[in-house]
Amino acid sequence: MNGEQPELAHIVAGELEVEYADVGPRTGPAVLLLHGWPYDLHAFDEAAALLADAGYRVLAPNLRGYGGTRFLSEDAARNGEQAVLATDAVAFLDALGVADAIVAGFDWGARTANVLAALWPERVRGQVAVSGYLVGSQAANAQPLPPAGELAWWYQFYFATERGRAGYDRYREDFARLIWETASPQWRFDEATFQRTAGSLANPDHVAIVIHNYRWRLGLADGDPALADLEDRLAARPPIAVPTVTLEGDANGAPHPDAASYRDVFTGPYEHRVATGGVGHDLPQEAPQVFADAIVAVGRMARDGSARAVAEGARDV
């Protein structure tokens, strides 16, 4: 099901040397694709090929703790909080000299797309977010859910323990397979597809980043004090005004909010789409055409909005 694997490049960006795919014409409008856990940049192989054929320049980095992405310093904190993943993305765009991009992602990547759109809207021409608005805070995460909701987050509580950290380290490939199967119960991925991503989880910083991410959410690990202001702004559930398409699969087995719960947060041009036919959590990989079409639609929204702004400005002269 995956498209041809792209050749990967490396670039120094912020505190990382980032491994990434760069496909499509360099002069095309930029698209930044952000993966989640436990996935990697190969979730976008086929969608990226479709977008490249449509004239887009597609950039898909491996996040900190995945694949060939590495910290420049052994002393750097292996921080996985939501704000740092967004600052990584800004540093990555800066390093490539990309002023703005359509940003699209799923799982952790959708949350990062939300954060970029909310806090750096000048860098985001539009966004595609699988499962909608995922920005959170430690205060919000401190509120208990009904038992069925807590059950869906079982791994978050497992990771809160030293047993969970050791277990994930020892069984990370088995763990990833279980998450893929439960989050996308109708996706019949083949072994080659899984192994292509499983290799990325062997990154030496992977376990530390994952464990910190989930412990930070529960207030069990500190974030970077330098990011405290950003986290405070995110805790206020900031609205997003950039053109947005939210996506959901009709068979998403992972915890995810109902679309009605986040509609009010998107104050600009907006559309919600559902991918049908048994599509689960890894929507870009399971339904690449749906994902690519949503990005093209957001690009059209952004162009239409710019044209209207120019026309309205001309009338005001």
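Residues numbered from 1 in each chain as written. Predicted model: local features only at pLDDT ≥ 70, side-chain atom pairs only at ≥ 80, totals over all residues. Heavy atoms only, no water.

(A) Region of the structure containing the overall build of the protein. Per the secondary structure count, the protein includes 13 helices and 9 strands. Taking 2.2 N^0.38 as the reference for a compact globule, 317 residues should give roughly 20 Å; the C-alpha atoms of the protein span a radius of gyration of 19 Å, in line with that estimate. Projected onto its principal axes, the C-alpha positions of the protein cover 65 × 45 × 40 Å. Across the 317 residues of the protein, 56% fall into the buried class. Intrachain contacts of the protein at a sequence separation of at least 6 include 80% that bridge at least 24 residues. Total accessible area on the protein is roughly 13300 Å²; 53% of this is exposed by carbon and sulfur atoms. Where the 25 positive side-chain charges of the protein centre and where its 43 negative ones centre are 2 Å apart. (Helix = DSSP H or I, 4+ residues; strand = E, 2+ residues; numbered from the N terminus. Rg over C-alpha atoms; globule rule 2.2 N^0.38 Å. Buried < 20%, exposed > 50% of the residue type's maximum accessible area, 1.4 Å probe, protein only. Contact = heavy atoms within 4.5 Å. Areas by Shrake-Rupley, 256 points an atom, 1.4 Å probe, with all protein chains shown as cover. Lys, Arg positive; Asp, Glu negative; His and termini not counted. Charge placed at Lys NZ, Arg CZ, Asp CG, Glu CD.)

(B) Representation of the environment of N62 in the model. One can find N62 in the loop between β4 (57–61) and β5 (70–71). We classify N62 as buried; its relative accessible area is 3%. For the pair N62 and S184, spaced 122 residues apart in sequence, the C-alpha separation works out to 21 Å. Those residues in contact with N62, other than ones at most four positions away along the chain, are V18, E19, H35, D40, L41, G67, G68, T69 and S200.

(C) Main features of the pairing of strand β3 (residues 30–34). Of all 5 residues in β3, 5 are buried; the element is thus mostly enclosed. The two faces of β3 match: A30, L32 and L34 on one face and V31 and L33 on the other face are all buried. Relative to β4, β3 runs parallel, the two sharing 3 bridges. For L32, the partnering residue across the bridge sits in β4 and is L59. (Pairing = 2+ DSSP bridges.)

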